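Letter by letter, the chains look like this.
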Amino acid sequence: MTRVAAVDCGTNSIRLLVADVDPDTGTLVDLDRRMTVVRLGQGVDRTGRLAPEALERTFAACREYAAVIRELGAERVRFVATSASRDAENRDDFVRGVLDVLGVEPEVVTGAREAEFSFVGATRELAGNDEYLVVDIGGGSTEFVVGAGHVEAARSVDIGCVRLTERHVRHDPPAEDEVAAIRADVRAAIALAEETVPVRGARTLVGLAGSVTTVAAIALGLREYDSAVIHRSRIPYERVAEVTARLLAMTHDERAAIPVMHPGRVDVIVSGALVLREIMEYVGASEVVVSEHDILDGIAFHTALDAR
């Protein structure tokens, strides 16, 4: 077993996983897993730059994570940054700050590499040789990955829940024309992904990240967020559509009162739910298999593999 620390820094949140990993068996044992909403991508779609306050929130989380990594004695540390930092003109400020705090340089990965990490994390433990369509709905982008045992095709498109909310939503709840604009963006992006990824051909749809797990928690009627119940749950399309319709009709305060809603997701969950619903409609999926294991697990697995 190799003890590794994996950090996934996305548009909306930054997450840490410290785990003991055996690459030969695919075993991954969590020692610490945590998430902080830092909204690194605040305003990036509009300005093209990372905001100073967003950078400081991110560096504060990194300082907390550095203490955990030291305490648990991780042998290898890997920091992967995704959509927001890919898009930002001042990403060098971000790279220098992370290096100062954690002592490792963040890998600002391509959408294809992000998709590969997500696929490995989500499907590593699933039985059988199904053809999977893995969708990772992030803050800035969504990754579409198809494969059976390995990645066969992947595409990252710019339809994350933060990006779509900042781009289109001005009312609470969103107005009809705002919802229509989000849906149009999502449909166009799926069609773009379909140019290289056969999104309609896979037997099993696997959904990742906070928008999907939150919709699942609501659909399951949970009174508190329970990863063990959510992980590998199967949510029918009809329940996803019902939850999305409920969220579309709610105000910010009503969404915040949902017991399983993370405070940092209240203002973007409507866009995230719409992305999931539109994907299911487009590909004709009758259900989505929800995974709590995602890009973070894939980063940890590859870090242990590289350490051999």
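Attention in this report is confined to the structure presented alongside it. (Residues numbered from 1 in each chain as written. Predicted model: local features only at pLDDT ≥ 70, side-chain atom pairs only at ≥ 80, totals over all residues. Heavy atoms only, no water.)

## Brief notes about the nonpolar core
- In terms of nonpolar packing, the biggest core is built from 50 residues, with Leu133, Phe144, Leu247, Leu276, Ile279 and Val288 touching the most fellow members.
- Put simply, the parts of the chain that give this core at least two residues each are strand S6 (132-137), strand S7 (142-147), strand S8 (151-157), helix H7 (176-194), helix H8 (210-219), helix H10 (237-249), helix H12 (269-283) and strand S11 (287-290).
- Sequence-distant contacts of leucine 133, defined by excluding residues within four places in its chain, comprise Phe144, Val145, Val146, Val199, Ala202, Thr204, Leu205, Val206 and Val283.
- Listed in part, the 27 residues of the second largest apolar core include Ala5, Ile14, Ala66 and Val104. (Core = buried A, V, L, I, M, F, W, Y, C linked by side-chain atoms within 4.5 Å. Buried < 20%, exposed > 50% of the residue type's maximum accessible area, 1.4 Å probe, protein only. Helix = DSSP H or I, 4+ residues; strand = E, 2+ residues; numbered from the N terminus. Contact = heavy atoms within 4.5 Å.)

## Some details on helix H4 (residues 91-102)
- Taking 1.5 Å per residue as the helical rise, H4 with its twelve residues ought to reach 16 Å, and the 16 Å between its terminal C-alpha atoms agrees with that figure.
- All buried positions along H4 are accounted for by Phe94, Val95, Gly97, Val98 and Leu102. For H4, the angular spread of the buried residues around the axis is 165°, confining them to a single face.
- At the C-terminal side of H4, glycine 103 shows a positive phi close to 80°. (Expected span 1.5 Å × (residues − 1). Arc of directions from axis to C-beta.)

## Considering the pairing of strand S2 (residues 13-22)
- With ten of ten residues buried, S2 lies mostly within the body of the structure.
- In S2, alternate side chains face the same way, and those of Ser13, Arg15, Leu17, Ala19 and Val21 on one face and Ile14, Leu16, Val18, Asp20 and Asp22 on the other are all buried.
- Alignment of strand S1 (residues 2-9) against S2, held across eight bridges, turns out to be antiparallel. The residue of S2 that forms the bridge with arginine 3 is aspartate 20.
- Hairpin connection of S1 to S2: three residues between the antiparallel strands.
- One ladder, built from ten bridges, connects S2 with strand S3 (residues 27-37); its direction is antiparallel. Within the sheet, the bridge partner assigned to alanine 19 lies in S3 and is aspartate 30.
- Between S2 and S3, which pair antiparallel and follow one another directly, the connecting turn spans four residues, one of which, glycine 26, has a positive phi of 80°. (Pairing = 2+ DSSP bridges.)

## What about the sheet that holds S7?
- If you walk across this open sheet you meet the six strands as S8-S7-S6-S9-S11-S10, and the pairing is mixed. Pairing within the sheet leaves two strands with one partner each, and these edge strands are S8 and strand S10 (234-236). Taking the axes of each pair of neighbouring strands and ignoring which way they run, one obtains an average angle of 25° across the sheet.
- Bridge analysis of S7 against S8 gives six bridges, and the strand direction is antiparallel. Directly across from threonine 142, in S8, lies its bridge partner valine 157.
- Packing against the sheet, H7 makes contact with S7 and S8, and its axis sits at approximately 145° to S8.
- Packed onto the sheet, H8 meets S6, strand S9 (204-208), S10 and S11 and runs at close to 110° relative to S11. (Axes fitted to C-alpha atoms, helices over the stretch in contact; angles between N-to-C directions.)

## Here we look at the sheet that holds strand S4 (residues 76-81)
- Across the sheet, which stays open at both edges, the five strands sit in the order S3-S2-S1-S4-S5 with mixed pairing between neighbours. Two strands in the sheet have a free side with no partner beyond their single neighbour: S3 and strand S5 (107-108).
- Strands S1, S2, S3 and S4 of the sheet are contacted by helix H2 (residues 52-72), whose axis makes an angle of about 20° with S2.
- On top of the sheet, helix H13 (residues 295-306) reaches S1, S2, S3 and S4; it is set at about 140° to S1, its chief contact.

Everything listed here is a matter of geometry and, on its own, says nothing about what the molecule does.
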